Amino acid sequence: MNDQHINTILSNSAIASDLKAIAEKVYAHERISFDETVLLYNKAELGYLGVLANYIREQKNGNNVYFNRNFHIEPTNICVFDCKFCSYSRLLKNKEEGWELSEQQIIDIVKKYDGQPVTEVHIVGGVHPKMGLMYFANLIKKVKEIRPDIHVKAFTAVELEYMCRKAKVSYEEGLRILKEHGQDSLPGGGAEIFDEELRKQICEDKCTAAEWLEIHETAHKLGMPSNATMLYGHIEKFEHRVDHMNRLRNLQDKTKGFNTFIPLKFRNKGNQMSNIPEVSVVEDLRNYAISRIFMDNFNHIKAYWPMIGRTTAQLSLSFGVDDIDGTIDDSTKIYSMAGAEDQNPALTTEQLVELIKQVGRTPIERDTLYNVITDYTNYDFAKEKVSA
Ligand code: V47
Ligand code: SF4
């Protein structure tokens, strides 16, 4: 046996004992550190990560997989910003491909769901120079007049920062106005990757990491929960992912206002970062698992199925994920334009339930706040069709 061989064995066994120590921490329900998480990214095998993530997932959520009945409204894809990964915005380039829905068109979308048991509308879009705070506040009021029962999850911190700046109001004032007009919560978009240097390279001109975090903290203080995302698989290093999650974990310790964490895989079609290859499915699963292990104060980890496709979404349910978003009803273009698996994302409730049951999990329809609406374990869709 030569020296090099011995060194390899020694270093491997050192890693093995570090990984064993991390596993012991997880089973003892102890928080893992920044450095331990970087080690997981660099050294841990998929199988090991799956076992630990699944343990935490089942401790927190049993066998349940949550989804909701929702639809998206994207008022415009015109955007004043120029994020390099975005395949969607159309201000600086190809303006002719831009869309701008009128208020009436938006209201018609909401009316289309009359009598349907959707519980959430997700409203996000490009940052339009002419659609301001009061325009959106009044729009939400109208949406609520048509559907008082619906939960309005609207506007990323990026949109909110711009709206408040233009209206010359503080984040607190702006959010208060939107809340009074019917906005219930915030989606998790716009977080991308918090590291300031990387932000300069991929989304230089939009809200900073500090602003994103401040807006979410303010929303939580006002009783508006929110989600958090992380765009991964582009130019970031593992340390940047851990730094991003660490900033979220710290804020969650303070406010407990985040509902779920949503890792978003960078897709490379039709944007200024198309030269960067996409990461593998194995990397997606490792990332879900590590985020489940690290984000100990987040109750839920969501895999956004239109982005990763149905098969990876099924796999993710064994790697820490307990939520696969919603039925969506083909109402979003953000991912199809970036090359996502599903070019027309829509699943009926029956199809979503089947997808979850196929992998031996329990399908639970939830509302935005994770209150259980229906447990589909023994649900008979045939009866629903007969009585409909
Ligand atoms: O912030 C843009 C991402 C986000 C690409 O809160 C891309 O429930 C991958 O945050 N490849 C907006 N990702 C969408 C979002 C979201 C989606 C679903 C549910 C929720 C929720 C939030 O989309 C952006 C950005 O990170 N994005 N372009 C791309 N090429
Ligand atoms: Fe605009 Fe959002 Fe696209 Fe950035 S990601 S260019 S803020 S639509």
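Refer to the preceding data block for the structure.
Just so you know, these numbers come straight off a predicted model, no measurement behind them. (Residues numbered from 1 in each chain as written. Chains lettered and ligands numbered in written order. Predicted model: local features only at pLDDT ≥ 70, side-chain atom pairs only at ≥ 80, totals over all residues. Heavy atoms only, no water.)

Caption draft 1: Region of interest: the state of the cysteines. Here the structure, examined in full by the defined rule, presents 0 disulfides. Considering cysteine sulfurs only, Cys203 is the nearest to Cys207, which forms no disulfide, with 8.1 Å between them. Given the relative accessible area of 1%, Cys207 is considered buried. (Disulfide = S-S within 2.5 Å. Buried < 20%, exposed > 50% of the residue type's maximum accessible area, 1.4 Å probe, protein only.)

Caption draft 2: Expanded view of the site of ligand 2. Surrounding ligand 2, one finds Cys79, Phe81, Cys83, Phe85, Cys86, Tyr88, Ser89, Gly126, Val158 and Lys206. Each residue belonging to the shell around ligand 2 can be placed in one class, and the counts come to 7 nonpolar, 2 polar and 1 charged. (Near = heavy atom within 4 Å. Nonpolar A, V, L, I, M, F, W, Y, C, P; charged D, E, K, R; others polar.)

Caption draft 3: Inspection of the side chain of Asp325 at higher detail. When you line up the elements, Asp325 lands in strand β8 (residues 323-326). Overall, Asp325 belongs to the buried group, its relative accessible area being 2%. Beyond its immediate chain neighbours, meaning those up to four positions away, Asp325 contacts Tyr66, Phe67, Asn68, Asn70, Lys302, Ala303, Tyr304 and Arg366. (Helix = DSSP H or I, 4+ residues; strand = E, 2+ residues; numbered from the N terminus. Contact = heavy atoms within 4.5 Å.)

Caption draft 4: Fine view of the packing of helix α10 (residues 238-255) against helix α11 (residues 281-294). Contact pair α10 / α11: the axes reach a minimum separation of 11 Å and the direction vectors enclose 35°. Here α10 and α11 pass one another in a crossing that is right-handed. Contacts between α10 and α11 involve Phe238, Arg241, Val242, Met245, Asn246 and Arg249 from the first element and Glu283, Asn287, Ser291 and Phe294 from the second. Residues of the contact of α10 with α11, tallied by class, amount to 4 nonpolar, 3 polar and 3 charged. (Axes fitted to C-alpha atoms, helices over the stretch in contact; angles between N-to-C directions. Left-handed = near helix turned anticlockwise from the far one by under 90°.)

Caption draft 5: Seen up close, the packing of aromatic side chains. As enumerated under the stated definition, the model contains 16 aromatic pairs in all. Measuring from ring centre to ring centre gives 4.9 Å for Tyr41 and Phe238, while their planes differ by 5°; the resulting arrangement is stacked. Of the two residues, Tyr41 sits in helix α2 (residues 34-43) while Phe238 sits in helix α10, which places them 197 residues apart along the sequence. Given a relative accessible area of 1%, Tyr41 falls into the buried group. Joined through ring pairs, the aromatic side chains of Phe194, Trp212, Phe258, Phe261 and Phe298 make up one cluster. The ring of Phe294 carries the charged tip of Arg249 above its face, separated from the ring centre by 3.8 Å. When the ring centre of Tyr370 is taken as origin, the NZ or CZ atom of Arg366, which lies over that ring, is 4.4 Å away. (Phe/Tyr/Trp six-rings, centres within 6.5 Å; stacked < 30°, edge-to-face > 60°. Lys NZ or Arg CZ within 6 Å of the ring centre and 35° of its normal.)

Caption draft 6: A look at the pairing of strand β9 (residues 362-366). A large share of β9 lies buried, amounting to 5 of its 5 residues. Across the two faces of β9 the burial is the same, with Thr362, Ile364 and Arg366 and Pro363 and Glu365 all buried. Inspection of the sheet shows strand β1 (residues 64-68) paired to β9 by 4 bridges, in the parallel sense. From the neighbouring strand, Tyr66 faces β9, where its bridge partner is Ile364. One ladder, built from 3 bridges, connects β9 with strand β10 (residues 372-375); its direction is antiparallel. Paired with Ile364 across the strands is Asp375, a residue of β10. The hairpin turn running from β9 into β10, its antiparallel successor, is 5 residues long, and Tyr370 in that turn takes a positive phi close to 70°. (Pairing = 2+ DSSP bridges.)

Caption draft 7: Examining the sheet that holds strand β2 (residues 70-73) more closely. The strand order across the open sheet built from 3 strands is β2-β3-β4, with neighbouring strands paired in parallel fashion. The open sheet has two edge strands with one neighbour each: β2 and β4 (151-154). Here the average twist between neighbouring strands, direction ignored, is 20°. For β2 and strand β3 (residues 120-123), the ladder comprises 4 bridges, and the chain directions are parallel.

Caption draft 8: Examining helix α6 (residues 157-167) more closely. A large share of α6 lies buried, amounting to 8 of its 11 residues. Where α6 is concerned, the buried positions are Ala157, Val158, Glu159, Leu160, Glu161, Tyr162, Met163 and Cys164. On the buried face of α6, the contacting elements are α5 (133-146), α7 (171-180) and α9 (209-221). Following α6 by one or two positions, Lys168 has its phi on the positive side, about 55°.

Caption draft 9: Representation of the packing of helix α3 (residues 46-61) against α11. It is at 8 Å that the axes of α3 and α11 come closest, and there the two elements cross at 45°. Considering the angle they form, α3 stands oblique to α11. The hand of the α3/α11 crossing is left-handed. Note on element contacts: α11 touches α3 through Val282, Leu285, Arg286, Ala289, Ile290, Arg292 and Ile293, opposite Leu46, Leu49, Leu52, Ala53, Ile56, Arg57 and Lys60. (Parallel < 35°, antiparallel > 145°, perpendicular 65-115°, else oblique.)

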